[in-house]
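# Summary of structural features
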Amino acid sequence: MSFNALVVEKDDEGKTSASVQSLTEDRLPEGDVTVAVEYSTVNYKDGLCIGPGGGLVRNYPHVPGIDLAGTVEASDDPRYAPGDKVVLTGWRVGEAHWGGYSQKARVKADWLVPLPDGLTTRQAMAVGTAGFTAMLAIMALEDHGLKPDQGEVLVTGAAGGVGSIATAILANFGHEVAAVTGRPEQADYLKSLGATRIVPREELNETTKRPLEAETWAGCVDAVGGDMLARVLGQMKYGASIAAVGLAGGAQLPATVIPFLLRGVNLLGIDSVMQPYDNRVRAWNFIAKDLPMEKLEAMVQPATLSDLPDLGRSILKGGVRGRVVVDVNA
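Residues numbered from 1 in each chain as written. Predicted model: local features only at pLDDT ≥ 70, side-chain atom pairs only at ≥ 80, totals over all residues. Heavy atoms only, no water.

Of regular secondary structure, the protein chain possesses 9 helices and 15 strands. For the protein chain, the C-alpha radius of gyration of 20 Å lies close to 20 Å, the compact-globule estimate for 330 residues. Overall, the C-alpha framework of the protein chain stretches about 65 × 45 × 35 Å when taken along its three principal axes. Relative to its 330 residues, the protein chain shows a buried fraction of 55%. Sequence separation of 24 or more characterises 70% of the internal contacts of the protein chain that already satisfy a separation of 6 or more. Measuring between centres, the 30 positive side-chain charges of the protein chain sit 5 Å from its 40 negative side-chain charges. (Helix = DSSP H or I, 4+ residues; strand = E, 2+ residues; numbered from the N terminus. Rg over C-alpha atoms; globule rule 2.2 N^0.38 Å. Buried < 20%, exposed > 50% of the residue type's maximum accessible area, 1.4 Å probe, protein only. Contact = heavy atoms within 4.5 Å. Lys, Arg positive; Asp, Glu negative; His and termini not counted. Charge placed at Lys NZ, Arg CZ, Asp CG, Glu CD.)

In this section: a nonpolar patch on the surface. Nonpolar side chains collect at one region of the surface, where V257, L261 and L262 lie side by side and expose about 320 Å² of accessible area between them. Among the secondary structure elements, L262 is positioned in helix 6 (residues 258-262). On the accessibility criterion, L262 (55% relative accessible area) is exposed. (Patch = residues over 30% accessible without salt bridge, like charges linked within 9 Å, V, L, I, M, F, W, Y side chains within 5 Å. Areas by Shrake-Rupley, 256 points an atom, 1.4 Å probe, with all protein chains shown as cover. Salt bridge = Lys/Arg side-chain N within 4 Å of Asp/Glu carboxyl O.)

Take the environment of S241 next. Locating S241 in the fold gives a position in strand 12 (residues 236-244). Overall, S241 belongs to the buried group, its relative accessible area being 4%. As for S241 and V221, which are separated by 20 residues in sequence, their C-alpha atoms are 8.9 Å apart. Reaching out from S241, the side chain makes a polar contact with the side chain of N266 at a distance of 3.1 Å. (Polar contact = N/O pair within 3.5 Å; in protein donor to acceptor, adjacent residues only side chain to side chain.)

Attention shifts here to the packing of aromatic side chains. Scanning the entire structure with this criterion turns up 1 aromatic pair. Between the NZ or CZ atom of R321 and the centre of the ring of Y189, over which it lies, the distance is 4.0 Å. (Phe/Tyr/Trp six-rings, centres within 6.5 Å; stacked < 30°, edge-to-face > 60°. Lys NZ or Arg CZ within 6 Å of the ring centre and 35° of its normal.)

Generally speaking, a soluble globular protein has its nonpolar side chains buried in company with each other. With 52 residues, the main nonpolar core has V221, W284 and L291 as its most contacted residues. Looking at this core, the elements that each hand over two or more residues are helix 2 (121-143), strand 8 (152-155), helix 3 (161-172), strand 9 (176-181), helix 4 (187-193), strand 11 (217-222), helix 7 (277-290) and helix 8 (293-299). Here this core takes 14 residues from helix 2, the largest share from any one element. Filtering out sequence-adjacent residues up to four positions away, W284 remains in contact with V87, T89, V113, P116, L119, A124, V127, G128 and F132. (Core = buried A, V, L, I, M, F, W, Y, C linked by side-chain atoms within 4.5 Å.)

Below, the structure is given as structure tokens:
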């Protein structure tokens, strides 16, 4: 039986193109579990993979989509049976392995997580890798002592996918959230998610020669990296932590070790791709319990497979707010 998928192809000159095509199951890669995909989403990596690949795609033709949620259709692994609802994020699916921009996916059972009680597959993809990463970051900050009475928590890149969900969860946990954005028109949106203060990006995206500034932030979820992360390091309160989740502002870190030595600041690296199973389940259960669903819905932009080429270009230019949920069957 045929199914639709977004297929990216590369010609002899190295130019890529993406289109919705009808495929048969014998085209699917090897795997233990076949999933009838219901929803996917759009992340920055997806934008790269829909376009020139960004060095992530190994072989063409390719089906992108680093996230998927749906129903098990067939399984060779005893952990999953037909009818089970499942979620997949990470494991280089959508990069090195065909992903979720398809009505069917075949994957390894080890990559799947059972859909938590209380979440629909659509809600799970409104969360996606972005929300999963945000939850991992907040878990790490709390594991390192962050509490709601300690002061403002900074969220950089706050209008993006990770930042939006981090803002909503932190506010729901009772934290004061200072949201950084370079798009002033997003202020009302961020306040609706629970941000108590909007910080213009230009206040933080320039380096300073001073290794330490006034102690300002009790914690930080940083999706930007680069100069902004270096600046924020010098503004953290004593013993506070930054959860680093992205590099939208660059991979370099023009900083000194002074904040670590004199203020005991912690820089916590957050990886969502290879996260162990038990921690994945813990994070998804927290999401199902603690993410305010009405705020999640306010972030959602619906899309179909045919919308993806344009959305891929848009997200690479910073033109996507919140979360895109792709109904692969629409």
